[in-house]
Amino acid sequence: MKEKLKSSLSGLRKAVLITVILLFLCGLGYPMLLTAIAQVAFPHQANGSLIHIDGQAVGSKLIGQDFKEDYFMKCRPSAVNYNTYSEEQLENGVYGGVASGSNNYAPSNPDLVARVEADIEAFLVENPHLSANDIPTDLMTASGSGLDPHITPESAKIQLTKLVETTGLSMELLEEIVENNTENKLFGIFGENRVNVLGVNIDIAKHMGLIGAQE
Amino acid sequence: MFQIIVTLMIYMLLVIPMGIYLYHVATNKHTFADPVFDRVDRFIYRLGGIDPQKGMGWKKYVMSLIVMNAVMVFIGYLILRIQALPIFNPNGIGAMEPTLSFNTIISFITNTNLQHYSGESGLSYLSQMMVIIFLMFTSAASGYAACVAFVRGLAGKEKDMGNFYVDLVRIITRILLPLSIIVGLFLVWQGVPQNLNANVTVNTIEGNMQDIAMGPIAALESIKHLGTNGGGFLGANSATPLENPTILSNIAELYSMMILPGACVIMFGNMVRNRKKQEKDNTKPKRCLFGSEGRTVFAAMGIMFLIGVFVCYFAEKAGNPALGQAGLSQSMGSMEGKEVRFGIGQSALFTTTTTSFTTGTVNNMHDTLTPIGGMIPLLHMMLNLVFGGKGVGLMNMIMYVILTVFICGLMIGRTPEYLGKKIEGKEMKLTALCIIIHPLLILSFTALAVGTQAGMEGITNPGFHGLSQVLYEYASSAANNGSGFEGLADNTYFWNITTGLAMFFGRYLSIIIQMAIAGSLMKKRFVNETIGTLRTDTKTFTIALVLIVYIFAALTFFPVLSLGPVAEHLTLWN
């Protein structure tokens, strides 16, 4: 009996010791080591790939934004509004803190159809020369993360006619801006072609003289 | 489509060397990195008072696993409850509520990583590191350790199952830690943040503000996939551009979660083959890739995986007819809940992979998948053996191999044998018990949830999809997967406690029974292979195995699947 108790106690002691060793090795040592290497080797990426203009961070290359002005290109719908908010939305509690995700509407959910129909209608009011059939799927559907920085090149293209009017920039220039912010499939195989909307809008703002040079 | 095939072909090139390395680590053979790791390991053994030479029987092995897991649960729970302290907590996160802490800690110790909280608002960096990252290492290593011991039992070369602590430490120091650092750095290079700063608020070019999440994300990302854990740093998991910014990071995450479960099968093939060859010609075994027994199992898993990927891809590519009727072109496929940079191809591949390899990370929202596209992840969690996570998938597959041997043996009137051991009444009873636990947990908890007010309140999508949401949650819990139909409002007492129980039983009951089977087989004498032996390394056997798995799944789950995804599909396409 005493032997048994002694052996199970020593088993427990080993379990606790190994747990504590691994806790510090994996739970503290490893993330600290990786932070140190990352901060030295890739400081820009390790700190969120922020874009600075006039010394001020205006966003991250990785994350979309909710663009409202009519002279800016639109992102996809977002369930979390890209975590963008105004002063008053913060004060009245409409903005509840940093989040990510989608509405999680099932394909059969009537709320999904209602949201898409409303978005199509609003989009057609702003772009009267288009019909519903011209709109690519991605522009009217919400991304999984609610933070998707990209739209497809087709979705960028159909917004240009309106942007020519609202920005006063030429079609050629806008096409060039979109081209400059397009990333293609890796090796022509992996992933999809995509346009970074924040990149496009920063370039538009620069050409319109709204902001200074990017650092 | 093409990119899926190319991605999988490159995977095959990676998994074989990894499998051979894993085999060397598991059998204490020489590897190139020994000079460094031997010292590290010896240091840890000395600190922990472990005698690495001392083997354990199956009972002692399982006991050590459970006691160690219990200690980790205790420490982890404590940290979650006190995380409000200002240590690594720049965002001022408060303490976690008790039932949610219970659910979270069970979820991470069982390698499930079901998350009823959202990382941005629910966890401090201290908890992310010392609870989440820590448990991601140890729960994965516990699973692999159990698997290595299980295969030792089947191979039956040694007298005992090995030492649990030694297996655990070796798997962490020689495989998980070095790979995590490499993959972590790759992810940072691609853009995943790795810092300890507070979230950043920027002023946008429209004059608004935007919050951008920060933290040690890359450190968590790499082990999240390597350990087939799956719990995200942020709420939307690997769909968020911060966790998975580019196509390269996506492929890196895919390979990270696929490589070790696949390698486990190769390790199994090698460990089993070794004995056979040695007996036959008494020479040192040559290097081999799979081993014939491993090849059977790998092929069966591969066939089921490929069927899943293609069904999921074509279902998503077909789009959503409800939106088509609303006037939105569906030529691009069903893009709701998906990211533009991944499109349909990489999303379908990731979805099938994460549920087959029981990781549970998502790069698109599974709740928004088309009914049939969503049925594939559901089905693969119900099977829980298409590669499967952290070694446990292989153990589940072996259960079905034993069952197939038994059924085929009966059909042709031969004594069932596997790997040179007779399969008898005791093993068959345990196997049947093990196979039945999984559907029993899923179906009875689903019935409980849809039968009670508290359960029904969680459902957020109307119609047949509501049942799919419930079913998915319990399939994910019992399979220790951790992905979710995230619409489900699951942070309530009811959901926290029931899914906690499903995860707990799904993990430990299976491991105990499987180890018991291995322990029982280990003690048996080898029988000589004769002309009457049913060979288990043939193509015919692979096909029989796949069919048996599908037939059993159909018998158990077809009724409930037809009420959920199938019914939703029929109404949607009508």
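Reading guide: rules and limits
- Residues numbered from 1 in each chain as written.
- Chains lettered and ligands numbered in written order.
- Predicted model: local features only at pLDDT ≥ 70, side-chain atom pairs only at ≥ 80, totals over all residues.
- Axes fitted to C-alpha atoms, helices over the stretch in contact; angles between N-to-C directions.
- Helix = DSSP H or I, 4+ residues; strand = E, 2+ residues; numbered from the N terminus.
- Parallel < 35°, antiparallel > 145°, perpendicular 65-115°, else oblique.
- Left-handed = near helix turned anticlockwise from the far one by under 90°.
- Contact = placed C-beta atoms within 7 Å.
- Domains from an automatic or database assignment.
- Pairing = 2+ DSSP bridges.
- Nonpolar A, V, L, I, M, F, W, Y, C, P; charged D, E, K, R; others polar.
- Expected span 1.5 Å × (residues − 1).
- Buried ≥ 20, exposed ≤ 12 C-beta atoms within 10 Å, placed from the backbone.
- Core = buried A, V, L, I, M, F, W, Y, C linked by C-beta atoms within 7 Å.

**Student:** Sorry if this is basic, but what is going on with the packing of helix α7 (residues 164-190) of chain B against helix α8 (residues 217-226) of chain B here?
**Tutor:** To describe two helices that pack against each other, one gives the angle between their axes and the distance between the axes. Residue and element names in this part refer to chain B. For the pair α7 and α8, the least separation of the axes is 8 Å and the interaxial angle reads 125°. Here α8 runs oblique to α7, going by the angle between their axes. Both α7 and α8 take part in a crossing whose hand is right-handed. When α7 is examined against α8, the residues Leu176, Leu179, Ser180, Val183, Gly184, Leu187 and Val188 are found in contact with a partner set consisting of Ala218, Ala219, Glu221, Ser222, Ile223 and Leu226.

**Student:** How should the domain arrangement of chain A be read in this particular structure?
**Tutor:** It is common to report an interface's size as the accessible area lost on association of the parts. For chain A, the domain assignment lists domain 1 (2-44) and domain 2 (48-207). Of note, the centres of domain 1 of chain A and domain 2 of chain A, computed from C-alpha atoms alone, are 44 Å apart.

**Student:** What should I look at first to understand the sheet that holds strand β4 (residues 150-151) of chain A in this one?
**Tutor:** By way of backbone hydrogen bonds, the strands of a sheet pair with one another, either parallel or antiparallel. Residue and element names in this part refer to chain A. If you trace the 3 strands from one edge of the open sheet to the other, you get β4-β6-β5, paired in antiparallel fashion. Two strands bound the open sheet, and with one partner strand each, they are β4 and β5 (182-183). Sheet strands in contact with helix α9 (residues 197-207) are β4 and β6 (194-196), and its direction is about 50° off that of β6.

**Student:** Explain the domain arrangement of chain B to me, please; I cannot follow it from the model alone.
**Tutor:** All names here are of chain B. Taken domain by domain, chain B comprises domain 1 (2-199 + 211-372) and domain 2 (391-572). Breaking the side of domain 1 that touches domain 2 down by element, the ones donating at least two residues are α3 (58-81), α4 (98-109), α6 (125-155), α9 (247-281), α10 (292-317), α11 (321-325), α12 (343-356) and α13 (371-383). For the side of domain 1 that touches domain 2, the element with the most residues is α10, which contributes 10 residues. For the side of domain 1 that touches domain 2, the per-class residue count stands at 32 nonpolar, 21 polar and 3 charged.

**Student:** In this structure, what is going on with the interface of chain B and chain A? I would like to understand it.
**Tutor:** Contacts between the two partners involve 101 residues from chain B, matched on the other side by 91 residues from chain A. For the side of chain B that touches chain A, the element with the highest residue contribution is α7(B), accounting for 9 residues. Here the side of chain B that touches chain A is composed, by residue class, of 55 nonpolar, 36 polar and 10 charged. Strand direction decides the pairing type here: strand β3 (residues 84-85) of chain A and strand β2 (residues 209-212) of chain B, joined by 2 bridges, are antiparallel. Among the inter-strand pairings, A:Thr84 is bridged to a residue of β2(B), identified as B:Gln210.

**Student:** Would you mind going over helix α14 (residues 392-412) of chain B with me for this structure?
**Tutor:** Side chains that are three or four residues apart share a direction in an α-helix, a result of its 3.6 residues per turn. Helix length check: α14(B), at 21 residues, gives a terminal C-alpha distance of 30 Å against a target of 30 Å (1.5 Å per residue), a fit within 8%. Counted residue by residue, α14(B) has 15 buried out of 21 residues, so it is predominantly covered.

**Student:** Would you explain the pairing of strand β1 (residues 50-53) of chain A in this entry?
**Tutor:** On any regular strand, side chains alternate: one points to one face of the sheet, the next to the other face. Residues and elements named next belong to chain A. Pairing geometry for β1 and strand β2 (residues 56-60), over 4 bridges, is antiparallel. Its bridge partner being in β2, Ile51 is matched across the sheet by Gly59. Counting the residues between successive antiparallel strands, the hairpin from β1 to β2 contains 2 residues, one of them, Asp54, with a positive phi of roughly 50°.

**Student:** Any chance you could explain the pairing of strand β1 (residues 200-203) of chain B here in plain terms?
**Tutor:** Sheet analysis places β1(B) next to β2(B), joined by 4 bridges and oriented antiparallel. Bridging from a neighbouring strand, B:Val200 pairs with B:Ile212 of β2(B).

**Student:** Even after reading the chapter, I still don't get the nonpolar core, so can you show me in this structure?
**Tutor:** Note that soluble globular proteins tend to have their nonpolar side chains buried in a common cluster. If you look at the biggest cluster of nonpolar residues, it comprises 225 residues, and the most contacted ones within it are B:Ile133, B:Phe137, B:Cys147, B:Ile172, B:Leu176, B:Met301 and B:Ala475. Per-element accounting of this core gives the leading share, 23 residues, to α6(B). Apart from residues lying up to four places away in sequence, B:Ile133 is in contact with A:Cys26, A:Gly27, A:Pro31, B:Gln128, B:Ala219, B:Leu220 and B:Ile223.

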